[in-house]
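Listed below, chain by chain, are the residues.
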Amino acid sequence: MDKFRSNLAFIIGMLMVGFWGIGSLAFGSSHVELNEHCELGNMSEIERESHRLGAQLQEWNQAYRLSGHSQISDEAYDQLLHQWQSLRRCQQLSEELPEVVLPKKVQLIKHPIPHTGLKKLAESEVYKWVDSRREIWLQPKVDGVAVTLVYQNGHLVSMISRGNGIEGLEWRDKADFIPAIPKQIDIHKSVILQGELFWRLNQHIQAKSGGVNARNKIAGWLMRKAQPKVLEPDIGIFIWAWPNGESEPMKQLQDLAQLGFPLAKKYSHKIENKTQVKQWREHYYQNELPFATDGIVLKSYPFPDAFAWKPNQNSWAVAWKYPLRRVASVVKYLQFKVGRTGRVSVVATINPINLEGKTISRVSIGSLASWRKKDLLEGDKVLVTLSGLGTPKIEDVIWRLEKRTYPDLSTFDSFNSLSCLAYTNACLQQFVARLIWLGKSLKIKGVNEATWRDWVENHQLTELTTWLRQDWQNGLPKNKKNTSSIEQFQSVKFQSIPLWLKGLGIPLPKMKIEQIIALEGLYNSSEIERLKLTQKQKEKLEKWLAEPEVQSALQAIQKFKANEPLTE
């Protein structure tokens, strides 16, 4: 990787750490620190990267505003947006994305009252916001597709997608197939409601299941070109704003329930202090709900008059999102490691992140095939999450550097299940892996990978059984650790033959290995027949036994168990 890619990856990584530091979205880096990191790189390249990322963010915005369908998760989008803003700050440019321009051919309808959107705050910012308000109400932030419902003389006349906040698509014909939306209400004046269409879920716990793609299910249903033919009972509606309704919160919630929109009343709570805010947020994150949520919404009353509402200008309602289940980071470097069987695995070292209290800096990618499928290189941005067992994994590559320089992996083609049965410089990784497996199989304690590697590199451990020789043991430095290891070596004499064979990597299933009584039986045709091996198993065994290093190891084990001295 060239110098610029290294610098740019470092800059982006530091900017990301500054913004998404451990545990929250708090903006931890100062402008001075940001400027220092910016100066490390080529500003023309940083400008090009920020332009490319900005264009992609705009494309995602346009797709979402037009259809309500998100091509990228909110978590990934928010983090990439912060990264783009950081790069723009390096250039002392505006950190605001331009307004989305929708295609002219699309027939758009103007919202009677604009959608203002919500500013997302970190925990400390939420508490400051709460301290500066008097009457505050809290609701779960339903994860769905935002719409405006317009009623005239008690009849539903329009359902408009959020679009760009000013105008959107007319979905009135789709509303007829959503039973949750009343087509008539008992008010004969103009009523304008803003809310969220959501996909109904059964006993959904956000902390365990995440968003389960619920929003995209709704968006997909809404964007079908063909008219629905049957009612869709799985779509619900949560009204979160009645701009021209009652100014008193409880009265407005009661009126909504009477009109046929009961969820706002059920899931709205008056807040007296900051402790309650945190408690309710945790409650909605950890408990069962009939919809997906991605945080909570806080509203201060009274609202401004509806005529003053403008897109992306909303100081009276804010969001506090849930802890990140997926955190973005930058790949610092990739390590390609050969295992004992010759299989190559890939491990990514990333800029450290925090997930559920764990600091993560290394993530296993898996095999070479898995790595190639992900198309992952140093400097790329990834989304990291935890598996069900708490193991970190890369869920997605969310942004790739434009310049793609792939490492030469041709040297790994020579490794297989029979390679590196003895040490050479090229075989260090696989040979050490074989020793680790042998030591584990024989239950040798206190000898880790670093020790085996040191003995191989610095103390002439060149064969799988070299460590059994008395002369080799005598040549080790005299210290407490080596003395303890040598004592361990003496005890392995009494380990069973199947454990030795397993450690050497004999290519047979465990049940077959356990039936082998003596090493001599491996060369006895009647003993082999007794094992009832398949033809393929026989062929693999014959190839393994034909290897000179395997023959040497078996002879050494035979002598060792018989108390015969081993020689070079």
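Scoring rules and cut-offs
- Residues numbered from 1 in each chain as written.
- Predicted model: local features only at pLDDT ≥ 70, side-chain atom pairs only at ≥ 80, totals over all residues.
- Heavy atoms only, no water.
- Helix = DSSP H or I, 4+ residues; strand = E, 2+ residues; numbered from the N terminus.
- Rg over C-alpha atoms; globule rule 2.2 N^0.38 Å.
- Buried < 20%, exposed > 50% of the residue type's maximum accessible area, 1.4 Å probe, protein only.
- Areas by Shrake-Rupley, 256 points an atom, 1.4 Å probe, with all protein chains shown as cover.
- Lys, Arg positive; Asp, Glu negative; His and termini not counted.
- Charge placed at Lys NZ, Arg CZ, Asp CG, Glu CD.
- Phe/Tyr/Trp six-rings, centres within 6.5 Å; stacked < 30°, edge-to-face > 60°.
- Lys NZ or Arg CZ within 6 Å of the ring centre and 35° of its normal.
- 1 Å grid on protein atoms, 1.4 Å probe; cavity = no way out; pocket = protein on both sides within 12 Å on 5 of 7 lines; lining within 4 Å.
- Points joined across faces, edges and corners; volume = space filled by probe spheres on them.
- Nonpolar A, V, L, I, M, F, W, Y, C, P; charged D, E, K, R; others polar.
- Pairing = 2+ DSSP bridges.
- Axes fitted to C-alpha atoms, helices over the stretch in contact; angles between N-to-C directions.
- pLDDT = per-residue confidence, 0-100.
- Contact = heavy atoms within 4.5 Å.
- Core = buried A, V, L, I, M, F, W, Y, C linked by side-chain atoms within 4.5 Å.
- Expected span 1.5 Å × (residues − 1).
- Salt bridge = Lys/Arg side-chain N within 4 Å of Asp/Glu carboxyl O.

**Student:** I'm lost on the overall build of the protein in this one. Help?
**Tutor:** Counting its regular elements, the protein contains 21 helices and 16 strands. Relative to the compact-globule value of 24 Å for 568 residues, the protein shows a C-alpha radius of gyration of 32 Å, a clear excess of over 25%. Its C-alpha atoms give the protein principal-axis dimensions of about 105 × 60 × 50 Å. Expressed as a percentage of its 568 residues, the buried residues of the protein come to 50%. Here the protein has roughly 28400 Å² of accessible surface; of this, 51% comes from carbon and sulfur atoms. Taken together, the 75 basic and 60 acidic charged side chains of the protein have centroids lying 3 Å from each other.

**Student:** Any chance you could explain the packing of aromatic side chains here in plain terms?
**Tutor:** We describe a pair of aromatic rings using the distance from one ring centre to the other and the angle between the two ring planes. This structure, assessed with the given rule, holds 22 aromatic pairs. With centroids separated by 5.5 Å and ring planes inclined at 85 degrees, the aromatic side chains of W452 and W455 adopt a geometry described as edge-to-face. A residue pair is termed a helical-turn pair when its members lie 3 or 4 positions apart in one helix, as W452 and W455 do in helix α14 (residues 449–458) at three residues. In this structure, R281 packs its charged tip against the face of W320, placed 4.0 Å from the ring centre. Directly above the ring of F560 sits K493, whose terminal nitrogen or CZ lies 5.2 Å from the centroid.

**Student:** Could you clarify how one ought to interpret empty space enclosed by the protein in this entry?
**Tutor:** One simple way to see leftover space: roll a probe sized like a water molecule over the atoms. For the coordinates displayed, the defined rule picks out four cavities of 30 Å³ or more. Empty space within the second largest cavity amounts to approximately 50 Å³. As for the second largest cavity, its lining consists of Q139, I239, W240, A241, Q252, L253, L256, A264, K299 and Y301. Sorting the residues of the lining of the second largest cavity by element identifies β8 (235–241), α9 (249–259) and β10 (293–301) as the ones contributing at least two each. Its residues assigned to classes, the lining of the second largest cavity comprises seven nonpolar, two polar and one charged.

**Student:** Mind showing me how you'd approach the layout of surface pockets here?
**Tutor:** By volume, the second largest pocket amounts to about 510 Å³. Those elements that place two or more of their residues in the lining of the second largest pocket are α4 (74–90), α8 (214–222) and β10. Broken down by element, the residue count for the lining of the second largest pocket peaks at four residues, all from α4. Along the lines of polarity and charge, the residues of the lining of the second largest pocket split into eight nonpolar, 10 polar and nine charged.

**Student:** Can you walk me through the sheet that holds strand β5 (residues 155–161) in this structure?
**Tutor:** The strands that make up a sheet pair up through hydrogen bonds in the backbone, lying either parallel or antiparallel. Taken together, the four strands give an open sheet; going across it, the order is β5-β4-β7-β8, and neighbouring strands pair in antiparallel fashion. The open sheet terminates on both sides in strands that have one partner only, identified here as β5 and β8. This sheet shows a mean twist of 35 degrees between the axes of neighbouring strands, independent of strand direction. Pairing between strand β7 (residues 191–199) and β8: six bridges, direction antiparallel.

**Student:** Explain α8 to me, please; I cannot follow it from the model alone.
**Tutor:** Side chains of residues three or four places apart in an α-helix project in the same direction, reflecting 3.6 residues per turn. With seven of its nine residues buried, α8 lies for the most part within the structure. If you check which residues of α8 are buried, you get A214, R215, N216, I218, A219, W221 and L222.

**Student:** Honestly, the confidence of the model for the protein in this entry has me stumped. Any pointers?
**Tutor:** Do not read the fine detail of predicted coordinates wherever pLDDT is low. With 90% of its residues at a pLDDT of 70 or more, the protein shows a mean pLDDT of 88. A low-confidence stretch, residues 8–34 (pLDDT under 50), is modelled with 62 contacts involving residues beyond four sequence positions or located in other chains.

**Student:** Explanation requested: the environment of M223 in the structure shown.
**Tutor:** Looking at where M223 falls in the secondary structure, it is placed in the loop between α8 and β8. Residues M223 and K174, spaced 49 residues apart in sequence, show a C-alpha to C-alpha distance of 9.5 Å.

**Student:** Help me out: how do you make sense of the nonpolar core in this one?
**Tutor:** Proteins that are soluble and globular tend to have nonpolar side chains buried together. One finds L149, M159, I181 and L197 to be the most contacted residues of the largest nonpolar core, which totals 69 residues. Look past the residues within four positions of L149 in its chain and what remains in contact with it is L156, S158, M159, I181, V191, I192, L193, I239 and F261.

**Student:** Even after reading the chapter, I still don't get the side chain of S367, so can you show me in this structure?
**Tutor:** As for its placement among the helices and strands, S367 is situated in strand β14 (residues 358–367). Not counting chain neighbours up to four residues away, the residues in contact with S367 comprise R343, V344 and V346.

**Student:** What is the right way to look at the sheet that holds strand β16 (residues 392–399) in this model?
**Tutor:** Within the open sheet, the five strands sit side by side as β14-β13-β12-β15-β16. Their pairing is antiparallel. Looking at strand neighbours, the two that pair on one side only are β14 and β16, the edges of this open sheet. Mean inter-strand twist for the sheet, computed between neighbouring axes without regard to direction, equals 40 degrees. Of the pairings in the sheet, the one linking strand β12 (residues 327–338) to strand β13 (residues 344–355) comprises seven bridges and is antiparallel in character. Looking at the pairing, V331 lines up with I350 of β13.

**Student:** What should I look at first to understand α4 in this one?
**Tutor:** Helix length check: α4, at 17 residues, gives a terminal C-alpha distance of 24 Å against a target of 24 Å (1.5 Å per residue), a fit within 8%. Judged by how many residues are buried, α4 sits mostly within the fold: 15 of 17 residues are covered. Of the residues one or two after α4, Q92 is the one with positive phi, at around 55 degrees.

**Student:** Looking at this structure, I do not really get the side chain of K174. What am I missing?
**Tutor:** Looking at the secondary structure, you find K174 in helix α6 (residues 172–175). Of the side chains with opposite charge, D173 comes closest to the buried, unpaired K174, at an N-O distance of 5.4 Å.

**Student:** Explanation requested: the environment of P249 in the structure shown.
**Tutor:** With respect to the helices and strands, the residue P249 is situated in helix α9. Relative accessible area serves as the criterion here: at 4%, P249 is assigned to the buried category. Remark: the alpha-carbon pair of P249 and V318, spanning 69 residues in sequence, is separated by 17 Å. Excluding its chain neighbours within four sequence positions, the residues that come into contact with P249 are E135, W137 and Y301.

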